[in-house]
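The primary structure of each chain is shown beneath.
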Amino acid sequence: FAVACNGKTAKLSFEVNGGTPIAEETINKEESFTLPTPTRGAEYSFEGWYLNADFSGSAVTQVTLTEDTVVYAKWEQLYAVNLNVDGGSLSTDKVYLKKGANVYDALKDLKPTKSGYEFGAWFNGSKELAKNLRMSETALNLTAKYKAPCKVEVYLQNNTLDGYDKQ
């Protein structure tokens, strides 16, 4: 009887390639199984499960087994953008991006706050972050720069020339 049961199921193993281990699953043959999303440190992006160790073919999100099978997790390295908020506050101090990603686009909605000031821009050294800067394979350090609010009031001399009127 045990042999008959084994003939109806297959084992699915997960090669996480540096990710958090995932326990082997026993699955009924010919039934679709949705693959879990593995985890790894923030420095990696999960790019999909593959049926081949060399990641040839297309990534799969579901499998239907006819025999014991191994799926292989593919990862892409991410690189750190370190954010110095210069006395301000922001929900994060680091963002991870893929090589070649547009840094400006990734950060355009990350605007730190600082009491009495308005966020101006992110600076790479002494230069404002370029809109076309692409992420390289080395960490990038950016600093927030702020604008001090200013109020301009305009007064014009009145018609009788004996005073000024606020405009």
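A short tour of the structure in this document, coming up.

Rules used throughout
Residues numbered from 1 in each chain as written. Predicted model: local features only at pLDDT ≥ 70, side-chain atom pairs only at ≥ 80, totals over all residues. Heavy atoms only, no water. Helix = DSSP H or I, 4+ residues; strand = E, 2+ residues; numbered from the N terminus. Buried < 20%, exposed > 50% of the residue type's maximum accessible area, 1.4 Å probe, protein only. Contact = heavy atoms within 4.5 Å. Core = buried A, V, L, I, M, F, W, Y, C linked by side-chain atoms within 4.5 Å. Patch = residues over 30% accessible without salt bridge, like charges linked within 9 Å, V, L, I, M, F, W, Y side chains within 5 Å. Areas by Shrake-Rupley, 256 points an atom, 1.4 Å probe, with all protein chains shown as cover. Salt bridge = Lys/Arg side-chain N within 4 Å of Asp/Glu carboxyl O. Polar contact = N/O pair within 3.5 Å; in protein donor to acceptor, adjacent residues only side chain to side chain.

Its location among the elements puts E25 in strand β2 (residues 25-28). Among the residues examined, E25 registers a relative accessible area of 31% and is labelled partly exposed. For the pair E25 and S13, spaced 12 residues apart in sequence, the C-alpha to C-alpha distance is 6.6 Å. For E25, the contacting residues outside a window of four places in its chain are A10, K11, L12, F14 and F33.

A few words now on the nonpolar core. V81, L83, V103, L107, W122 and L142 are the most contacted members of the largest nonpolar core, which totals 17 residues. Where this core is concerned, the elements lending two or more residues are β6 (69-84), β7 (94-98), α2 (103-107), β8 (118-124) and β10 (140-147). Of the residues forming this core, the biggest block, 4 residues, is contributed by β10. Not counting residues within four places of it along the chain, the set of residues in contact with V81 comprises D93, K94, V95, L97, L107, M135, L140 and L142.

Residues V152, V154 and L156 make up a contiguous nonpolar surface patch of roughly 290 Å² in combined accessible area. Owing to a relative accessible area of 68%, V152 belongs among the exposed residues under this scheme.

Turning our eyes to something else, we now look at the side chain of N102. Position of N102 relative to the elements: it lies in the loop between β7 and α2. Here N102 falls in the buried class, since its relative accessible area comes to 12%. Here K131 takes part through its backbone oxygen, which lies 3.0 Å from a polar atom of the side chain of N102. In this structure N102 touches K131, N132, L133 and R134, once residues within four positions along its chain are discounted.

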